[in-house]
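# Chains, contacts and geometry: an overview
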Amino acid sequence: MMIKTEKVLHLKSCRGKKVRVVREHYLRERVPCYSSLCQAGCENGGKVLPAELTHYVVPDVGVVVDYQEILELRELQGIIFTQTACQAVQHSRRRQYNRLRNLLKDPRHDCVLFANEFQEYSYCPREKGEKQEKWHTRCVYSAAVWYHNHLAGMMDIVMITEDQDAVAHYSCLNSGVYVISVQDYLRDFWTVLTVAHELYSSISQVLQQKESSGSQREFTEHLPTEVLEAGIKSGRYIKGTLNVNKHHKEAYIATDGLSNKNTDLNWGVLVYGGKNRNRAVHGDTVAVELLPKSEWRGKLTALVEGQEEDQSGKENESRPMPTGRVVGILQRNWRDYVVTFPPSDGTYSQSRNSQRILAVPWDRRIPKIRISTQQADSLQDHRVVVRIDSWESTSLYPNGHSVRVLGRAGELETEVQTILLENCIHVPPFSDAQLREMPINSPENPWKMDPAQVAKRRDLRESHLVFSIDPLGCEDVDDTLSVRSLDGGKLLELGVHIADVTHFVKEGSLTDLEAHSRATTYYLADRRYDMLPAVLSADLCSLLGGVDRYAMSVLWELDAHSLAVNKVWYGRTIIRSSYQLHYELAQALLHGEQAEVQELSNLRSEEKDAKLHELTQALEMLTHVARHLRAQRDKGGALELEGVEVRAQLDEEKNITALVPRQPLEVHETVAECMIYANHWVARKIQETFPHQALLRRHPPPRREFFTQLVESAEARGFTIDVRTNKTLAESLDKAVDPQDPLVNRMLRMMATVAMSQALYFSTGQESQDQYYHYGLALDRYTHFTSPIRRYADIVVHRLLTAAIDLDQGLGNVKALASNKELEELAQHINNKNRAAQQAQKLSTTLFQCLYFKERDPQTDQHCVADAVIYSIRNNGMLVFVPEYGVKGPVYLKNRDDQVVCAREDGSCEWLSGSIQQYADHITTTSSRGTSTFRLFHHITVRISVHSPLFHSDSLNLEIINIRPHLTAEPRQPCSQGRSQLVQEVMRLAEEAHKQAQEKAGRQPKQSKEEKQFGQSKTPNLYSLMEEVRELALLDLETVTRVCATTA
Ligand SMILES: [Zn+2]
């Protein structure tokens, strides 16, 4: 039954005119309440509010508009948003409305929408002369009363409002329906939810401050959107994303899609200085207007210390490039920022009882943010999360409010949380609702396989010897291997068995949504944040030894001699891994060394020998197959690149005791090769079955110009690097070996890595097939299938593979799959999260490196003096690499007082006034002492110290102290065998340093829990390491900035 009424709306048109609209309005008796307490038989599809709460909360319109951020906190439960409030947001704030819609859709948020204005008994027509705000409040109150009655008084309803009259008027009208202010609500019901209280106080500060800011205009007004869009169409303005250079006053506009005919713009548009940037913030989508050519400038190329100083002397600029100014903003892309409250120096401007502070963002690309707060004193030197609210043309700085206090700057926890937040990594503990979805596996209630699954799956427990090889102490084993001889030795069967995560993580479940939004497990230097709850990642999905597990398997039948593929089988299986090996153990078995295999320790010796023989044979067979696969890819031009990864060793108090470079073994490559093979064949299968909607991973060839540095540096040393194809690059890199110094080859590989583009996920419908190629691995199709515990892409690929298998068997239908467009959006999301994960990992490694050196006195501690290799020449210094610590950074040869570094007779350096001259492969300084020359690839001695700016992250400072190599106590062995020996050499030195440190401290080395966890988290399995190294290992911040600035 429906009742028709009329509803009068007063809307504002986009030109600001008021319009009166009369709408027919239909009232219904039945409008779903979305409560599990419902006794009236509402059709409550989708999300419902739980019954086991103490109350439901109904926010008034003003509360939703002003305090939505508080309502977005996941801790808050049982929120009913009224249609009245939602419409008010929709009409006034478009972006906020989108957030509200997402909130209502997200099943992890315990909130629902009640269509109160369609409900016959809760709808209130507006009374004559009634003010809109009063009417809205009456509607919301009426909705609250309706709920209380509808749920037969079984649930208390709390309406929250900032209207004190409403509190006074309504609070005593109905028992069971309470009307209180937001502040009282938080105080009474969420006493310990500090974040809500902090948010409340900072938002209410902003609301109080809103009225008057200055009236003097600091910036040009932005043009309206229609004008910008028309201007972009006509070519007058250029649309792009603003990228601020962290060291300079420069910003670049990365133009979209290079749709411009003007090829000058391919490299982007330079925006110089704050006035021209016109309130655009790093990441915003803006429209720019080009300045006349006479005003174009070049970008700065010198190494610049810190951010404050302006070294924009003409000699440091490259040739002029298109330069423009921001005329309008198409989209703000503001996120949460970490800022530091400055130490008080009495400059705070006092206004009423709060202070306005200029807080300095941790990210140097973000402008200072003005914040009103009552806590200015207690927050000195603290890192605080803030949001920008607005940036008026009358204000030099944007206005914002604080959200959450992270802690005192410089403390480990604060700094780690800062890194996470700055990379938009949100990893709260898994909620109870998510954990309730998980299967149970406890001693009292052990998990068992489902007989229905056992019947459906291929059982490999008796037929296959399955084992895993991972880093020592690994808990999340997502891949296992098998290999066996078939048909009297004519055939060989290779098997890769991957954790069947999608059996446990159903599409659309809370766990799935959480995994989707995380997209990956995050590995920091001292901890990790899992993508999946531990009961899956460390237990039921982990292919541990001696227990039954579900798996997704790929089995290849190969010709035993040619190793050509006869047949491939994909499907769901049951396995029981016989051995959980670690890399060193597997390598020892392969070398025929004496090794203790734990799984065999209780057996009699003959039986043990037989089993050991069987296992060793399998490992040998595997190595044989892997070498063949690798050789095949090498023929195609696969690259072996060098990335420097150092892991920190921690003691019980999380103090770093040593920095240890990762060590590669052949068995690493064997496992990696098998995983690459599985990923490749799964990519083929899903791409062939779903040509337009499969998730693959491509690695575009590098842009030739990025190789310039590599080619020129190699030339300086007499090597030719041929960058035409990956094959020629790989071959010429192999030849570029200096027998005197293996580091040369390593540095060249490092430069090649830096020049590489990022590998990316994509949907097959999005690219033409010739774009599928994976340059680094030299494969025509590639995807990620082998780590579903820690990568969401693999979960998607498992679902696609399952769909493909179902289709082969005449089951299932393609329509249920994500469309090309949806898949491409997902791919972009995962790509972004991966970038964030790498960035966070790199920053946390730097953080720990800084911690390592922070405790030491650079003037006296020998650890602070190290050998470094020059790998790039700049006009006021050079970039060097410190192999012992895996540190890269600038070394300045000229300072602000025009002094230059000069070498004495004995090689030691001093600062004297003089001049500097840059050449292609060397740089010289000239002073009264004569000329000193610094050549590419030469070794020098540097002193490492820590630079600790209060507002930003710590960084390492490298200072040249001797123009000659650093001589260690023991003479260096001339190592000529390439990478592995060098790494061992560095390892040995690091170990020695470690031992010395231990002896000094007078205690034995011990493995702390953190270290074990760390050891695992840093190298979850070797495959990921290989991937990192091969595909993009050395994520160089400079390169990223450059890529961002020059490519769309
Ligand atoms: Zn109901």
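In the block above lies the structure referred to throughout.
Residues numbered from 1 in each chain as written. Predicted model: local features only at pLDDT ≥ 70, side-chain atom pairs only at ≥ 80, totals over all residues. Heavy atoms only, no water.

### A look at the overall build of the protein chain
Secondary structure summary: the protein chain contains 27 helices and 40 strands in total. With 1048 residues in all, the protein chain has 55% of them scored as buried. Relative to all contacts within the protein chain whose residues are 6 or more apart in sequence, the contacts with residues 24 or more apart total 69%. For the protein chain, the accessible area works out to roughly 47200 Å², and carbon and sulfur atoms hold 49% of it. (Helix = DSSP H or I, 4+ residues; strand = E, 2+ residues; numbered from the N terminus. Buried < 20%, exposed > 50% of the residue type's maximum accessible area, 1.4 Å probe, protein only. Contact = heavy atoms within 4.5 Å. Areas by Shrake-Rupley, 256 points an atom, 1.4 Å probe, with all protein chains shown as cover.)

### So, helix α3 (residues 94–105)
Between the first and last C-alpha of α3 there are 17 Å, a value that for 12 residues agrees with the 16 Å anticipated at 1.5 Å per step. Along α3, the residues that are buried comprise Q96, Y97, L100, L103 and L104. Taken end-on, α3 shows its buried residues confined to a sector of 115 degrees, consistent with a single buried face. Set apart from the buried face of α3 by more than 90 degrees, the exposed residues are R94, R95 and K105. Its buried side turned inward, α3 meets α1 (61–71), β4 (79–82), α2 (83–92) and β5 (111–114). (Expected span 1.5 Å × (residues − 1). Arc of directions from axis to C-beta.)

### Some thoughts on the sheet that holds strand β19 (residues 458–459)
One open sheet holds the 7 strands; their spatial order is β19-β26-β25-β22-β21-β20-β27, and the pairing between them is mixed. Sheet topology places β19 and β27 (579–582) at the edges, where each strand pairs with a single neighbour. Alignment of strand β20 (residues 466–470) against strand β21 (residues 479–486), held across 2 bridges, turns out to be antiparallel. Each residue of the ladder has a partner; that of F467, found in β21, is L481. Sheet strands touched by helix α22 (residues 792–808): β22 (491–499), β25 (548–559) and β26 (565–576). Its angle to β26, the strand with the most contacts, is close to 115 degrees. (Pairing = 2+ DSSP bridges. Axes fitted to C-alpha atoms, helices over the stretch in contact; angles between N-to-C directions.)

### Examining the packing of helix α18 (residues 666–689) against α22
Their axes nearest at 9 Å, the elements α18 and α22 cross at an angle of 60 degrees. Taken together, the axis directions place α18 and α22 in an arrangement best described as oblique. Between α18 and α22 lies a crossing of left-handed hand. Between α18, through V682, K685, I686 and T689, and α22, the contact on the second element is made entirely by V797, L800, L801, A804, L807 and D808. Residue composition of the contact of α18 with α22, by class: 7 nonpolar, 1 polar and 2 charged. (Parallel < 35°, antiparallel > 145°, perpendicular 65-115°, else oblique. Left-handed = near helix turned anticlockwise from the far one by under 90°. Nonpolar A, V, L, I, M, F, W, Y, C, P; charged D, E, K, R; others polar.)

### A short note on the coordination of the zinc ion
Within the protein, the atoms that donate to the zinc ion are C33 (SG), C38 (SG), C42 (SG) and H150 (NE2), at distances of 2.0 to 2.3 Å. Around the zinc ion, the 4 donor atoms are arranged such that angles at the metal cover 103 to 117 degrees; this shape is classified as tetrahedral. In primary-sequence terms, the residues that donate to the zinc ion follow C-x4-C-x3-C-x107-H. For the residue pair C33 and C42, the accessibility class agrees, reading buried in each case. (Donors = N, O, S within 2.8 Å, 3.2 Å for Na, K, Ca; no water. Tetrahedral: all angles 85-135°; square planar, octahedral: opposite > 155°, others 65-115°.)

### A short note on the environment of R929
Mapped onto the elements, R929 comes out in the loop between β37 (922–927) and β38 (930–935). A relative accessible area of 46% means that R929 is categorised as partly exposed. Excluding anything up to four places from it in sequence, R929 contacts A903, R904, E910 and L912. Polar side-chain contacts of R929 include one of 2.4 Å to the side chain of E910. (Polar contact = N/O pair within 3.5 Å; in protein donor to acceptor, adjacent residues only side chain to side chain.)

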